[in-house]
Amino acid sequence: MAAVLGISGGYHDAAAALVVDGAIVAAIQEERLSRHKNDPRLPFRAAAACLAHGGIPAAALDRVVFYEQPFDKLERVLVSSLAVFPASLRQFPRAMGSQVGDKLWVLDELAERLGVARDKVTTVAHHRAHAASALFPSPYERAAVLTVDGVGEAVSTSLWRGEGTALTPIGQLEYPHSLGLLYAGLTAYLGFEVNEGEYKVMGLAAYGTPRFRDEFARLLRVEPDGWFALDASYFGRLADAELGFGPKLEQLLGPRRPPYQPWDLEGSERDRRYADIAATLQQVTEEVMLALAREAQRRTGADALCLAGGVALNAVANARLLRESGFAHVFVQPAAGDAGGALGAALLGALELGDPRPAPLASAALGLAIDPSAAHALATELGFVVTRADDIAGDTAELIARGQIVAFCAGRFEWGPRALGQRSILADARDPDSRERLNRAIKRREPFRPFAPAVLAADAAQYFVAAPNAMTPFMTTTCPIRDEHAGALAAVRHVDGSARVQTVTAAAAPALHAVLGAFAERTGVPIVLNTSFNGAGEPIIASEVDALAFFLGHPIDALVVEDLLITRAPR
Amino acid sequence: MKLTSRLRTIGQLFRHFARQGKWFMIPLLVVLLVTGLLLLATGGLSYVAPFVYSIF
């Protein structure tokens with residue numbers, strides 16, 4: 001019986017996760033508490049919050065497990081820098097400064113700042129942490145595990161056989177051959193921010209035609225079994241940390257798109273061409289993932305596939321894997337990217353100390369609770385009207401049915417990048433005007449980025465093809481909207497006819513479940529639009545202070561904090 | 001910063017490279033470590049580029 005803290009950080013999406021006696025007690029991304037989007041810094045706030053939630057003093061931890069092996073990472077950076085010398089000349093001092101001035105000492109820093117004995121701080125390999133985060137919280141005793149990201153220490157892609165508490169490696173691919181780096185390089189080429197804009201590329205892809213397959217065949221040579229080779233010469237030998245791609249890519253695909261320019265997919269030939277490039281990238285990504293998944297099934301004979309790594313956050317590719325890979329089940333936990341490495345590291349530490357596997361992950365609400373008393377006091381002080389509702393679900397549903405936009409806070413906040421009904425903004429999914437107002441006044445997203453629906457799990461199949469499935473509770477896949485409902489669900493329907501649907505059960509998100517039930521009673525439709533409770537470029541809201549600050553600055557109609565309905569005083 | 005734990009980490013680092021038979025990299029490591037210690041001592045490294053998180 002042990003208390004184990006898992007830590008990821010140093011690159012992007014730092015996080016901490018606490019596992020006690022084999023059970024997942026808390027898992028928190030640093031960005032939620034630091035309010036710095038994709039915060040890469042070591043997650044001391046998140047670690048302290050996990051420990052406080054679990055009532056475990058740091059000194060009582062049996063182990064702290066970091067999600068990566070710093071020496072292996074340093075070795076890969078050194079070897080790869082020397083291999084592409086002199087292309088790496090300009091980047092070398094910076095890369096080495098980052099490694100030797102900072103990352104090399106990460107275990108010492110963790111021990112010192114957490115107040116834990118140094119010999120209790122250990123590491124696991126990056127992709128093993130990913131694989132553990134995918135398999136152990138899944139409902140499957142036996143599964144194939146596929147991890148795909150930019151790069152860990154040296155590995156970018158790995159296959160595992162998962163059985164009970166055992167993870168056996170059965171194949172891997174090393175840097176620079178990386179699907180994640182291909183996607184990241186093209187994300188930068190298309191003018192988006194790396195490690196953040198990949199979702200935008202995925203949304204943009206649906207507007208294009210994949211007509212650049214010949215050009216992409218030069219970037220990536222794919223074998224029939226899914227293993228592939230990236231031609232790093234198109235990406236500046238991956239030696240330019242400013243850009244992420246090289247001049248050769250622009251010779252192949254044309255000039256890069258300048259960042260921060262508004263998109264015009266109807267009027268601009270140039271933007272349609274970029275959409276076609278995004279569509280080709282998405283298609284190539286899906287096909288490589290499919291081939292890898294089929295190889296995983298051939299090698300393991302399993303009927304379930306668990307995925308992790310940044311590429312596993314590609315919900316469109318995940319849908320295609322479920323549809324076409326031959327696996328009966330596909331599972332992607334909500335924080336499949338680097339943040340999830342903290343959970344995988346903690347679970348591996350707990351298993352090594354003799355604890356059992358955790359129960360299958362039923363809910364992503366693994367963060368901190370919100371304090372309605374503090375919200376009440378602060379809202380009153382700010383001059384808002386605060387009402388304690390007898391039937392908050394009914395009141396919320398009533399507002400949404402009347403076309404209002406409601407920010408909704410209930411329980412502990414979510415683990416991972418998706419708002420799943422704990423810190424969400426809700427609106428009427430049938431109403432394109434609500435969507436327009438939401439986008440124009442609050443989210444300010446590019447026009448090609450869709451909003452997502454949340455639906456009662458029991459009714460999901462009536463509206464969506466292939467829902468519910470193991471991914472839909474966590475919004476890590478997409479499902480086609482059934483033709484007969486396509487018109488009615490216009491506000492959450494992407495241009496390709498799909499939606500990144502969340503199926504909601506009372507166990508996973510009880511408050512949102514109640515709202516959906518009340519909305520269905522009023523309208524006959526058990527679906528609302530659910531988008532994350534944050535502004536453009538901000539992390540999702542965590543506390544009551546964040547929520548009220550947002551309410552002050554954005555034109556949403558009402559804020560719900562547990563059973564409090566907070567509205568603006570009439571003028 | 002605790003000097004003993006840093007020295008222990010340096011020892012582990014050299015053992016890591018020696019175990020892998022990569023002795024030829026040790027002179028480079030020594031230079032890098034001196035640089036790294038200087039960076040630590042001066043509180044340098046205030047800026048890293050965005051893509052550095054993907055590659056390094």
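Residues numbered from 1 in each chain as written. Chains lettered and ligands numbered in written order. Predicted model: local features only at pLDDT ≥ 70, side-chain atom pairs only at ≥ 80, totals over all residues.

### Describing the environment of Glu31(A)
Residue and element names in this part refer to chain A.
Logical step 1: Its location among the elements puts glutamate 31 in helix α1 (residues 30-34).
Logical step 2: Residues glutamate 31 and methionine 96, spaced 65 residues apart in sequence, show a C-alpha to C-alpha distance of 26 Å.
Logical step 3: Ignoring any residue separated from it by four or fewer positions in sequence, one finds glutamate 31 in contact with His36, Lys37, Asn38, Asp39 and Pro539. (Helix = DSSP H or I, 4+ residues; strand = E, 2+ residues; numbered from the N terminus. Contact = placed C-beta atoms within 7 Å.)

### Description of the sheet that holds strand β21 (residues 558-561) of chain A
Across a sheet, paired strands are connected by hydrogen bonds in the backbone, their directions being either parallel or antiparallel.
Residues and elements named next belong to chain A.
Logical step 1: The mixed open sheet is built from eight strands, whose spatial order is β13-β22-β21-β14-β15-β20-β16-β19. On the outer flanks of this sheet lie β13 (385-388) and β19 (502-504), each paired with one strand and no other. Between one strand axis and the next, the sheet turns by 30 degrees as a mean value, whatever way the strands run.
Logical step 2: Bridge analysis of strand β14 (residues 406-409) against strand β15 (residues 423-427) gives four bridges, and the strand direction is antiparallel. What sits directly across from alanine 407, in β15, is isoleucine 425.
Logical step 3: Across the sheet, helix α18 (residues 510-523) lies against β15, β16 (452-456), β19 and β20 (527-532), angled at about 80 degrees from β16, the strand it touches most. (Pairing = 2+ DSSP bridges. Axes fitted to C-alpha atoms, helices over the stretch in contact; angles between N-to-C directions.)

### Let's talk about the pairing of strand β6 (residues 142-148) of chain A
All names here are of chain A.
Logical step 1: Across the seven residues of β6, six count as buried, placing the element largely inside the fold.
Logical step 2: Judged from the seven bridges that link them, β6 and strand β7 (residues 155-163) form a sheet pairing that is antiparallel. What sits directly across from valine 148, in β7, is threonine 157. (Buried ≥ 20, exposed ≤ 12 C-beta atoms within 10 Å, placed from the backbone.)

### Quick word on unusual backbone geometry
Residue and element names in this part refer to chain A.
Logical step 1: Residues tyrosine 175 and proline 176 are joined by a peptide bond in cis, for which omega reads 10 degrees.
Logical step 2: In the segment running from alanine 467 into proline 468, the intervening peptide bond is cis, with an omega of -5 degrees.
Logical step 3: Its identity as a non-glycine residue notwithstanding, alanine 466 has a phi of 65 degrees, on the positive side.
Logical step 4: Its location among the elements puts alanine 466 in the loop between α17 (460-463) and β17 (479-480).
Logical step 5: One non-glycine residue, glutamate 562, adopts positive backbone phi at about 55 degrees.
Logical step 6: Positionally, glutamate 562 belongs in the loop between β21 and β22 (564-567).

### Thoughts on the nonpolar core
All names here are of chain A.
Logical step 1: Counting residues in each nonpolar core, the largest one holds 214 residues, and the members touching the most others are Ala17, Leu305 and Ala346.
Logical step 2: With 12 residues, helix α11 (residues 269-300) is the single largest residue contributor to this core.
Logical step 3: When residues no more than four places from it in sequence are discounted, the contact partners of alanine 17 are Gly6, Ile24, Ala26, Ala27, Cys50, Ala342, Leu343 and Ala346. (Core = buried A, V, L, I, M, F, W, Y, C linked by C-beta atoms within 7 Å.)

### Comments concerning helix α2 (residues 44-54) of chain A
Residue and element names in this part refer to chain A.
Logical step 1: Of all the residues in α2, the buried ones are Ala46, Ala47, Ala49, Cys50 and Leu51.
Logical step 2: Where α2 is buried, its residues touch β1 (3-8), β2 (15-20), β3 (23-29), α1 and α5 (106-114).
Logical step 3: Directly after α2, the chain includes glycine 55, whose backbone phi takes a positive value near 65 degrees.

### Thoughts on the environment of Leu420(A)
Residue and element names in this part refer to chain A.
Logical step 1: Relative to the helices and strands, leucine 420 resides in the loop between β14 and β15.
Logical step 2: Along the primary structure leucine 420 and leucine 181 are separated by 239 residues, whereas in three dimensions their C-alpha atoms are 28 Å apart.
Logical step 3: Other than its neighbours up to four places away in sequence, leucine 420 contacts Ala364, Glu414, Phe474, Met475, Gln502 and Ala509.

### Remarks on the domain arrangement of chain A
Think of interface size as the accessible area that goes away when the parts come together; that is how it is often given.
Logical step 1: What the domain assignment lists for chain A is domain 1 (3-67 + 69-123 + 338-352), domain 2 (179-332) and domain 3 (372-567).
Logical step 2: Summarising the inter-unit geometry, the C-alpha centres of domain 1 of chain A and domain 2 of chain A are found 27 Å apart. (Domains from an automatic or database assignment.)

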